[in-house]
Protein chains: 2
Amino acid sequence: MPKKNAVYAQSGGVTAVINASAYGCIEAARISAVIDDIYCGADGINGVLEERLIDLRGESPEHLAALRHLPAGAFGSCRRKLKDLKGDRAHFQRILDVFAAHDVRYFFYNGGNDSMDTVAKLHQFAGDHGYDLQVIGIPKTIDNDLPVTDNSPGFGSVAKYNSVSMLEGSRDMESMHRDSTKVFVLETMGRHAGWIAASTGLASRDDRDGPHVILLPEVPFDKADFLQAVERVVSRHGYCAVTVSEGTKDREGRFLSESGGKDAFGHVQLGGAGQVVQDLVKQELKLKVHGAVLDYCQRSGRHLASAVDAEQAQACGRKAVALAEEGMSGVMATIQRDGDDPYRWSLGHTDASNIANKEKTLPAEYIREDGYHITDGFRRYCLPLIQGEEYPPYHDGLPHYPRLKRELLPAKLPTYE
Amino acid sequence: MPKKNAVYAQSGGVTAVINASAYGCIEAARISAVIDDIYCGADGINGVLEERLIDLRGESPEHLAALRHLPAGAFGSCRRKLKDLKGDRAHFQRILDVFAAHDVRYFFYNGGNDSMDTVAKLHQFAGDHGYDLQVIGIPKTIDNDLPVTDNSPGFGSVAKYNSVSMLEGSRDMESMHRDSTKVFVLETMGRHAGWIAASTGLASRDDRDGPHVILLPEVPFDKADFLQAVERVVSRHGYCAVTVSEGTKDREGRFLSESGGKDAFGHVQLGGAGQVVQDLVKQELKLKVHGAVLDYCQRSGRHLASAVDAEQAQACGRKAVALAEEGMSGVMATIQRDGDDPYRWSLGHTDASNIANKEKTLPAEYIREDGYHITDGFRRYCLPLIQGEEYPPYHDGLPHYPRLKRELLPAKLPTYE
């Protein structure tokens, strides 16, 4: 069987280790018996639609090796979601046209729930139209909200970064609380799932270290009850550290703060929950409060990546190529947990349709009965994922994050759109 | 001459390396020919006033060695400022009483402008009252606003942390800006001086890396001009990263955001400038914007300390003991720059009265002509201070930050206040 070409593309919110997946996929493709060249979509699926395919032959081996420690999306990511096979029929056809023009028969799509929807649909569309294409998903999301897979690459690193940030912020307040700040509030990302907020709970290895109160999207926010919880901690320790997930909602399902905007996927753009909590503590409890919102710094904080996470991200990229070699399509690589102590894991796969548009929120067994902290079960789950420090190399005081050249293949088709 | 006892205490906002100064001071005191025991004030000068002196004999050698990589104030810090010799006469007398009760003749005070005011006044008060006391200041402030000394321990690490955060946040936005966020805003600490905000400028080693616009307290904020600057960058690159110092003011001297609170020193408690800038960009330019406020995480971010900063912090602690051995009092250890390329430094000292209540803001030669970025002169100044990565040890996925026992010496005096 003659070798065919492949395309790899990144999608959705980036992570500290998405480029490690790119590295795993690209390196495996280069030695694959079924893949000839591998190209990368510039800015995700947009680059495929616009026939902007990055020719990796323009990149130096050093730059490609640096993918293992580059944060954010080295090839560009996107928030574009192809909606349905009928409404976006022209887009799906265009993708096949571009692939046909460059003899592409393998497509590796590195993303989350929405991207796996594209994997499933593109797989179906190609089959319906008799185009021989294998579409494989590579999991990626800091939110850790993908079903089936035990965890998602990107989560371990954001969990480590936020846990360390909470530990350090809490120690700061502890050392000054006698005549300064009494409440420190850390707002985390995570959208509708509390995985990231919960992960900061790992920092409280004794009851003096924060977080003392964690606000999760899975637990309806009750103002009076929350303020009492904070007061109890302040009366015991003199200070209280609070983690609040950006997706925290009240009993009526209203977000603590709805900033009003929506992203390109139509999701409400969250943010501001930390400020709301700070204002509450200040106004109702009359306590001095400080707050941190780490925002993009948490999801691109490659300077503090989890070694386990970086390794799994790379392995998922390699696994996608293995799945392609086995003739699979419409599937996503998954991480399976084979043991907790010591932590053991292996790779598997599942139909992308099992992932598409589904959100795995924090199960009840990981949430302490009062709703304000994690259980030992969550610790057993999460602790293995933040193990190991994989630091990037530094040059002149700052991480060495070289930019790829991103030279494009010559276009063969007329301009689209 | 018989050896006498010493007290070390921490004051003001903590840093990632203040405990490295404590380590340097304590270790030098232990081998000093003039110092017998060294105790530590619990929670800064409060511990002296309340006769809560930490007996280091209760600490294990491992825990004391860990001071080199512990963030925040291991002995507790405070925001208490002794106002003047007349108004706070009782406090100054109490300090001498406590020192006399424990045969303390050396006092090492680790802090910033306000603390050096205490050093100067306590030195004078002891002299006026015939109490043989040597009072030595050890510099410490993330704000880098102490005069005379070339830089202050704590600044190099916060500069490194913020530069890396800006680099990573900017790369995140860059990789997704085509259909997502166009403007990323990072709010930094620094009070009335722009040193920290300026330090993020080190991250823009080429014009695609942020920050593209830096808002400094030293440059009056002009809304229309700022928005034009952002628009210019967005039209060139498609995105724009902005650093805003919490102390940024308009032409009338009003802070971008005055949160209304005041700290115990009577200073306006700043915060919220980042949100104001975000709102401006969103409302006036209709661009999608994200923002990070690193708050305490930046000043206690020991996981990413500058090795040069940690070394200088420790050296200043040792120098304070050397100054005591030389018979000095009412002075502060300083860092002198002996060369830029290669960077060379040595230690000196100055009268604490030269430091007290003075703020060294960013000089004009470090600010680009348009007011929105740094000059090569600032790069030459700042780059040496962020060199080297001195990581803390990790245990089970998180930094190993042991807590000291803080066992107190038995009190000898009646309770005070």
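Residues numbered from 1 in each chain as written. Chains lettered and ligands numbered in written order. Predicted model: local features only at pLDDT ≥ 70, side-chain atom pairs only at ≥ 80, totals over all residues.

The next thing to look at is the overall build of chain A. Check the secondary structure of chain A and you find 12 helices and 15 strands. Here chain A has a C-alpha radius of gyration of 22 Å; the compact-globule value for 417 residues is 22 Å, and the two agree. Seen through its principal axes, chain A has C-alpha atoms that stretch 70 × 45 × 40 Å. Residues counted as buried form 59% of the 417 residues belonging to chain A. Excluding contacts between residues fewer than 6 apart, the proportion of contacts in chain A whose partners are at least 24 apart in sequence is 76%. (Helix = DSSP H or I, 4+ residues; strand = E, 2+ residues; numbered from the N terminus. Rg over C-alpha atoms; globule rule 2.2 N^0.38 Å. Buried ≥ 20, exposed ≤ 12 C-beta atoms within 10 Å, placed from the backbone. Contact = placed C-beta atoms within 7 Å.)

Once that is clear, we can look at the packing of helix 1 (residues 18–30) of chain A against helix 11 (residues 307–325) of chain A. Residue and element names in this part refer to chain A. Packing of helix 1 against helix 11 brings their axes to within 7 Å, and their N-to-C directions diverge by 35°. Along this stretch, helix 1 crosses helix 11, giving a crossing that reads as right-handed. Along the contact surface, helix 1 presents Ile 18, Ala 20, Ser 21, Ala 22, Tyr 23, Gly 24, Cys 25, Ala 28 and Ala 29, while helix 11 presents Ala 310, Ala 313, Gln 314, Ala 315, Cys 316, Gly 317, Arg 318, Ala 320 and Val 321. By residue class, the composition of the contact of helix 1 with helix 11 is 13 nonpolar, four polar and one charged. (Axes fitted to C-alpha atoms, helices over the stretch in contact; angles between N-to-C directions. Left-handed = near helix turned anticlockwise from the far one by under 90°. Nonpolar A, V, L, I, M, F, W, Y, C, P; charged D, E, K, R; others polar.)

Residues and elements named next belong to chain A. Following both chains from N to C, one finds helix 8 (residues 223–237) and helix 9 (residues 273–285) inclined at 75°, their axes separated by 11 Å at the closest point. In terms of orientation, helix 8 lies roughly perpendicular with respect to helix 9. For the pair helix 8 and helix 9, contact is made by Lys 223, Leu 227, Val 230 and Glu 231 and by Leu 280, Val 281, Glu 284 and Leu 285, respectively. (Parallel < 35°, antiparallel > 145°, perpendicular 65-115°, else oblique.)

Residues and elements named next belong to chain B. Taking 1.5 Å as the rise per residue, helix 11 (residues 307–325) with 19 residues should run 27 Å; its terminal C-alpha atoms sit 27 Å apart, in good agreement. Summarising burial for helix 11: 16 of the 19 residues are buried, a large majority. Positive backbone phi, at 90°, marks Gly 327, one or two positions downstream of helix 11. (Expected span 1.5 Å × (residues − 1).)

Residues and elements named next belong to chain A. Summing up the model confidence of chain A, the mean pLDDT is 95 and the portion of residues at 70 or higher is 97%. The low-confidence segment residues 259–264, where pLDDT is below 50, has 16 contacts with residues more than four positions distant or belonging to other chains. Across the interfaces of the predicted complex, the ipTM metric reaches 0.96, alongside a pTM of 0.96. (pLDDT = per-residue confidence, 0-100.)

Our focus in this paragraph is the sheet that holds strand 2 (residues 35–41) of chain B. Residue and element names in this part refer to chain B. If you walk across this open sheet you meet the seven strands as 3-2-1-4-5-12-13, and the pairing is mixed. Only two strands of the sheet have a single partner each, and these edge strands are strand 3 (53–55) and strand 13 (343–351). The average undirected angle you get between the axes of adjacent strands in this sheet is 30°. Here strand 1 (residues 4–10) runs beside strand 4 (residues 104–111); their pairing, made up of six bridges, is parallel. Residue pairing across strands places Ala 9 opposite Tyr 109, the latter belonging to strand 4. (Pairing = 2+ DSSP bridges.)

Superposition of chain B onto chain A requires a rotation of 180° combined with a translation of 0.0 Å along the rotation axis, giving an RMSD of 0.0 Å. Here the two chains are linked by the operation of a two-fold rotation axis. Residue Val 293 of chain B, judged by its C-alpha, is the member of chain B lying nearest the rotation axis, at 2.5 Å. An overlap of 100% is found between the interface residues of chain B and their copies at the interface of chain A, pointing to a shared contact surface. (Least-squares fit on C-alpha atoms with pLDDT ≥ 70 in both.)

Right, let's talk about the interface of chain B and chain A for a bit. With 58 residues of chain B at the interface, the matching set in chain A holds 58 residues. Residue assignment for the side of chain B that touches chain A shows that the elements contributing at least two residues are helix 6 (155–176), strand 11 (289–293), helix 10 (296–299) and strand 15 (398–399) of chain B. Of the residues forming the side of chain B that touches chain A, the biggest block, 13 residues, is contributed by helix 6 of chain B. Its residues assigned to classes, the side of chain B that touches chain A shows 24 nonpolar, 17 polar and 17 charged.

All names here are of chain A. Ordered in space as 3-2-1-4-5-12-13, the seven strands form an open sheet in which the pairing is mixed. Of all strands in the sheet, those bounded by a partner on one side alone are strand 3 (53–55) and strand 13 (343–351). Each strand axis lies, on average, 30° off the axis of its neighbour in the sheet, ignoring direction. Two strands pair when backbone bridges link them, and strand 4 (residues 104–111) and strand 5 (residues 134–139) are joined in this way by six bridges, in the parallel orientation.

Residues and elements named next belong to chain A. Between the first and last C-alpha of helix 1 there are 19 Å, a value that for 13 residues agrees with the 18 Å anticipated at 1.5 Å per step. The buried fraction of helix 1 amounts to 11 of the 13 residues, a majority that puts the element mostly inside the structure. When helix 1 is considered as a whole, its buried residues turn out to be Ile 18, Asn 19, Ala 20, Ser 21, Ala 22, Tyr 23, Gly 24, Cys 25, Ile 26, Ala 28 and Ala 29.

Residues and elements named next belong to chain A. Here the domain parsing of chain A yields domain 1 (4–140 + 303–356 + 391–399) and domain 2 (155–301). Of note, the centres of domain 1 and domain 2, computed from C-alpha atoms alone, are 33 Å apart. Tallying the contact residues gives 17 residues for domain 1 and 11 residues for domain 2. For the side of domain 1 that touches domain 2, the residue count by class is eight nonpolar, four polar and five charged. (Domains from an automatic or database assignment.)

With eight of its eight residues buried, strand 4 of chain A lies for the most part within the structure. At this point the chain moves from strand 4 of chain A, through helix 5 (residues 113–128) of chain A, to the parallel strand 5 of chain A, and the crossover so formed is right-handed. (Right-handed = clockwise from strand over helix to strand, strands pointing away.)

Mapping Tyr 394 of chain B onto the fold places it in strand 14 (residues 394–395). When the C-alpha positions of Tyr 394 of chain B and Glu 252 of chain B are compared, they lie 48 Å apart, and in sequence the two are 142 residues distant. With near-sequence residues (within four places) excluded, Tyr 394 of chain B lies in contact with Glu 389 of chain A together with Pro 399 and His 400 of chain B.

Here the focus is unusual backbone geometry. Trans peptide bonds make up the majority, and among non-glycine residues the majority have a negative phi. Here Gly 210 of chain A and Pro 211 of chain A are connected by a cis peptide whose omega angle stands at 0°. Locating Pro 211 of chain A in the fold gives a position in the loop between helix 7 (195–199) and strand 7 (213–215). Between Asp 341 of chain A and the following residue, Pro 342 of chain A, the backbone shows a cis peptide bond with an omega angle of 5°. For Pro 342 of chain A, the location among the structural elements is in the loop between strand 12 (331–340) and strand 13. We note that Glu 51 of chain A has phi near 55°; this positive angle belongs to a residue other than glycine. If you trace the backbone, Glu 51 of chain A turns up in the loop between helix 2 (45–49) and strand 3. You can call Glu 51 of chain A buried: it has 22 C-beta atoms within 10 Å. The backbone of Asp 43 of chain B shows a phi angle near 60°, a positive value even though the residue is not glycine. Residue position: Asp 43 of chain B is located in the loop between strand 2 and helix 2 (45–49). When the 26 C-beta atoms within 10 Å are taken as the criterion, Asp 43 of chain B is described as buried.

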